[in-house]
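Spelled out from the first residue to the last, the chains are:
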Amino acid sequence: MAEEDVYTKDGTVDIRGKPANKSKTGNWKACRFILGNECCERLAYYGMSTNLVNYLEDRLHQGNVTAANNVTNWSGTCYITPLIGAFLADAYLGRYWTIASFVMIYIFGMTLLTLSAAVPGLKPSCDKVSCHPTKAQVAICFVALYLIALGTGGIKPCVSSFGADQFDETDETEKKKKSSFFNWFYLSINIGALIASSVLVWIQMNVGWDWGFGVPTVAMAIAIIFFFTGSKLYRLQKPGGSPFTRIFQVIVASFGKLHIKVPDDPSFLYETADEESHIQGSRKLEHTQKFKFFDKAAVETETEIVKGDKDPWRLCTVTQVEELKSIIRVLPIWATGIVFSTVYSQMSTMFVLQGNTMDQHIGPHFKIPSASLSLFDTLSVIFWVPVYDQIIIPYARKFTGNERGFTQLQRMGIGLVISIIAMIVAGLLEVRRLKYVQSHNYYDLEYIPMSIFWQVPQYFLIGCAEVFAFIGQLEFFYDQAPDAMRSLCSALSLTTNALGNYLSTLLVTIVTKITTRNGNLGWIPNNLNRGHLDYFYWLLAILSLLNFLVYLWISRWYIYKKPTGRAH
């Protein structure tokens, strides 16, 4: 085998910093440790977060709106902190060492949360009626939660990109496997979530919150072991320096040459002569015609040519300019993911509160916690991922001619449509539930005799939407990101979850403020039997439809990136 075929050509190295050997590193043999780590880490995360709204209501004595908003604010923060981890990974540490550092903060937060629910003095005192937390106990709980949010910020943006790094993009055989990786990566997340939403939620509601938070903490410890065990097999992308610095250099250089005309022939724009990009760990990018204003940064003035002046704040390469253009191109697509994430966030808030009012019994003795119904979302994902990978893609390929079956944008668009249907189904169920309450005068009944399993279709539809929208989004942001900005773009895709949670909080707050005027109970009172949660679902369905129409308009003019050459 020729030496050039022994090593990867995408700039990856092994754990010792030497060029990555294709036969000894990467591929599925390395990914099994990454997938195992992700499964256990997500089990820990969802084991703690799925039922959090009930913990805040039960032990911290918070009302429906306060608890729901605290959960969405915290969940939102869990998807904002990845910007910190992504910056450190792309600029200085690399993905491997960023994950290795932040898991320690994560497990410290998990341990503190477990202690706050288990140790006398740290856990709230409870009588038969309610619990009575002190300000200090509430503070310790929220310090633990936000330590977890910080810890997850170093893992979320890096782990999917780190797994995709195990496949060399310059090798056609390995490149085809990469698309499947994102499907199986999301499947591993949902296997962890399945155990969390079934077994762990049951433990929390029936055994105790100490065990309910203790088991996820152990799962996180197992995740850490999984991750470090595979170290010798991993391929590591070298950090390429601060992506923000490169972006600002292009902006400054463009405005510095405000009055300079961009040549019609892009070959006159400045680029390094050799095959490799000057950016560490990145391939060159072909010039594109859109956002031509920023091409000014790559125009060499006569003074720069004569003096050989290559000041990066005055002259940037085409690749550096195209990095900025790539980010600008994905931003509108990114923005349309926010409303979808708002719909998704209802599973941990409004769906749970809706389920709390329904009959949760399976047979005469066993009672399923309402938060456990999210396992049907997880089962839906576990069902649809292999169906999509093994059946839908080959079938769609015959009609589209696309190797992936659908383009990434088509895949995300299908997910947005399914999310609209999910909100309509949730709204119809609430209409049916309220009619049942009215016809039997069950306004003050804690649990109405209507099975909670009527919620299964809305959970199943959300799971189906995830397989199209969220996995499509993961693949899209990795694929369309410049090589040296992949963690940052993965973090950017995750911020849609954050903003979706914050938008949910904002909508609930505005709706509550408007609908409770003049002494009215509002759409979302503590007793949902006297409210109109269905109106909130219709609001989300209308917002989702408008969002989809905007998405169709944006996706029509999107141009996919074109890398060239090789990384160093």
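Residues numbered from 1 in each chain as written. Predicted model: local features only at pLDDT ≥ 70, side-chain atom pairs only at ≥ 80, totals over all residues. Heavy atoms only, no water.

Stated precisely, the cut-off is as follows: UniProt positions are given in the numbering used here, feature names are shortened, and annotations may be inferred rather than shown by experiment.
For the protein, an unreviewed UniProt entry supplies the name Protein NRT1/ PTR FAMILY 8.1-like and the organism Rhizophora mucronata. Its UniProt record, at the heading Subcellular location (unreviewed entry), says of the protein: "Membrane". According to UniProt, the comment filed for the protein under the heading Sequence similarities (unreviewed entry) is "Belongs to the major facilitator superfamily. Proton-dependent oligopeptide transporter (POT/PTR) (TC 2.A.17) family."

Quick word on the pattern of salt bridges
Defined as follows: Salt bridge, as applied in this entry: a Lys or Arg side-chain nitrogen positioned within 4 Å of an Asp or Glu carboxyl oxygen. Exposed residues in this analysis have more than 50% of their type's maximum accessible area, buried residues have under 20%, and partly exposed residues fall in between, with area computed by a 1.4 Å probe over protein chains only. Secondary structure elements follow DSSP: runs of H or I no shorter than four residues count as helices, runs of E no shorter than two count as strands, and numbering proceeds from the N terminus.
Inspection of every chain in the model, using the stated rule, returns 14 salt bridges. Close ionic contact of Arg95 with Asp90 constitutes a salt bridge, the shortest N to O distance being 3.5 Å. The buried category is assigned to Asp90, whose relative accessible area is 4%. A salt bridge links Arg411 to Glu475, with the shortest nitrogen-to-oxygen separation between them at 3.8 Å. Of the two residues, Arg411 is situated in helix H15 (residues 408-440) and Glu475 in helix H16 (residues 456-480); the sequence distance between them amounts to 64 residues. Connected via shared salt-bridge partners are Glu38, Glu41 and Arg42.

Re helix H4 (residues 64-78)
Note the following rule: In a helix, the anticipated span is given by 1.5 Å times the number of residues less one.
Taking 1.5 Å of rise per residue, 15 residues should cover 21 Å, and H4 covers 21 Å from first to last C-alpha, within 8% of that figure. Extensive coverage of H4 is indicated by the burial of 11 of its 15 residues. Those residues of H4 lying buried are Asn64, Ala67, Ala68, Asn69, Val71, Thr72, Trp74, Ser75, Gly76, Thr77 and Cys78.

Examining the side chain of Asn547
Filter applied, for reference: Contacts are assigned to residue pairs that have any heavy atoms within 4.5 Å of one another.
Mapped onto the secondary structure, Asn547 falls in helix H18 (residues 533-556). Excluding residues that lie within four positions of it along the chain, Asn547 makes contacts with Thr336, Val339 and Leu416.

A closer look at the domain arrangement of the protein
Operational definition: Where a domain begins and ends is set by an automatic assignment or by a domain database. Values labelled buried area give the accessible surface lost by two parts on being combined, using a 1.4 Å probe and summing over both.
Per the domain assignment, the segments of the protein are domain 1 (9-241), domain 2 (243-320) and domain 3 (321-560). Each of domain 1 and domain 3 has a C-alpha centre, and the two are 21 Å apart. On the domain 3 side, the residues contacting the 53 residues of domain 1 number 57 residues. Carbon and sulfur atoms make up 61% of the surface buried where domain 1 meets domain 3, a total of about 4,500 Å² over both sides. Looking only at domain 1, the three residues that lose the most surface to domain 3 are Tyr79, Asn183 and Tyr186, adding up to 15% of its buried area. Here domain 1 and domain 3 share 0 salt bridges between them.

Observations regarding the pairing of strand S7 (residues 448-451)
Using the following cut-off: Two strands qualify as a pair provided DSSP detects at least 2 bridges between them.
The alternating pattern of S7 places Ile448 and Met450 on a buried face and Pro449 and Ser451 on a face that is not buried. The pairing of strand S4 (residues 358-359) with S7 spans 2 bridges and is classified as parallel. Paired with Met358 across the bridge in S7 is Ile448.

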